[in-house]
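Structural overview
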Amino acid sequence: MLPTLTTLQRRKPHLYNPDWLCPQCNSSPETLDHLWTCFYILPEFSPLNTFKTLLLALRSNYLDKFLSASSLIPLPDSFAVEFTALRCWDCDPP
Ligand SMILES: [Zn+2]
């Protein structure tokens, strides 16, 4: 388990004041989920932005491979639109 501030507050409340919030944004408790969404973390180091970049690159790579592959059954014209609309490519957390 990552030693987020909430973890440290739970383990050593005498050292880490339970009222302290994320030291970056000071607006939310620093939980593991918050580390993915904190808007003060530099974009290039944001795990969520890295995830989005890699996932969209994977989608483009797969789509290129599907469209350039020769198969016995041709893909329907709507393949690219339907493939990119799959819910698995949705990057934003709920
Ligand atoms: Zn924050």
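Counting of residues starts from 1 at the beginning of each chain's written sequence and follows it residue by residue. At least 70 in pLDDT is required for a residue's local features to be given in this predicted model, at least 80 for side-chain atom pairs to be given and counted, and no such filter applies to totals for whole chains, interfaces and linings, which use all residues. In computing side-chain properties, one takes all heavy atoms of the structure into account and sets aside hydrogens as well as water.

**Section: the nonpolar core**
- In this structure, Leu 55, Leu 63, Phe 79, Phe 83, Trp 89 and Cys 91 together form the largest nonpolar core, which totals six residues.
- At the level of elements, α3 (47–68) and α4 (79–84) are the ones that each hand at least two residues to this core.
- What makes two residues a contact is simply this: any of their non-hydrogen atoms within 4.5 Å. Setting aside residues up to four positions removed in sequence, Leu 63 forms contacts with Phe 79, Ala 80, Phe 83 and Thr 84. Nonpolar cores are built from buried Ala, Val, Leu, Ile, Met, Phe, Trp, Tyr and Cys residues. Side-chain atoms within 4.5 Å join them into one set. Think of it in three bands: with a 1.4 Å probe and only protein chains considered, a residue is buried below 20% of the maximum accessible area for its type, exposed above 50%, and partly exposed in between. The helix count covers DSSP runs of H or I at least four residues long, the strand count covers runs of E at least two residues long, and both are numbered beginning at the N terminus.

**Some words on the packing of aromatic side chains**
- Note on aromatic pairs: the rings of Phe, Tyr and Trp (six-membered ring only in Trp) are paired at centre separations within 6.5 Å, and the planes decide the class, stacked below 30 degrees, edge-to-face beyond 60, tilted for the rest. Counted under the stated rule, the structure contains four aromatic pairs.
- Residues Phe 66 and Phe 79 carry aromatic rings whose centres are separated by 5.4 Å and whose planes lie at 70 degrees to one another, so their mutual orientation is edge-to-face. Within this pair, whereas Phe 66 is found in helix α3, its partner Phe 79 is found in helix α4, the two being separated by 13 residues in sequence.
- Measuring from centroid to centroid gives 5.6 Å for Phe 79 and Phe 83, while their planes differ by 20 degrees, and the two rings are stacked. With Phe 79 and Phe 83 both in helix α4 and four residues apart, the pair spans about one turn of that helix. The burial state of Phe 79 is the same as that of Phe 83; both residues are buried.

**Quick notes on the domain arrangement of the protein**
- Where each domain begins and ends follows an automated or database-derived domain assignment. Each domain of the protein was delimited in the assignment, giving domain 1 (5–40) and domain 2 (44–89).
- Taking the mean C-alpha position of each, domain 1 and domain 2 sit 36 Å from one another.

**Here we look at the coordination of the zinc ion**
- Here a donor is an N, O or S atom found within 2.8 Å of the metal, or within 3.2 Å if the metal is Na, K or Ca; sites may look incomplete because water is not among the atoms. Surrounding the zinc ion are the protein donor atoms Cys 22 (SG), Cys 25 (SG), His 34 (NE2) and Cys 38 (SG), at 2.0 to 2.3 Å.
- In this structure, the zinc ion is surrounded by four donor atoms whose angles at the metal cover 102 to 118 degrees, and the resulting shape is tetrahedral.
- Here the donor residues of the zinc ion share one chain and are spaced in sequence as C-x2-C-x8-H-x3-C.
- Taking the relative accessible area as the measure of exposure, Cys 22 reaches 2% and is therefore buried.
- In this structure Cys 25 comes out as buried when scored by relative accessible area, which is 12%. Just to be clear on the cut-offs, tetrahedral is four donors with all angles between 85 and 135 degrees, square planar is four donors and octahedral six with opposite donors over 155 degrees apart and all others between 65 and 115, and anything else goes down as irregular.

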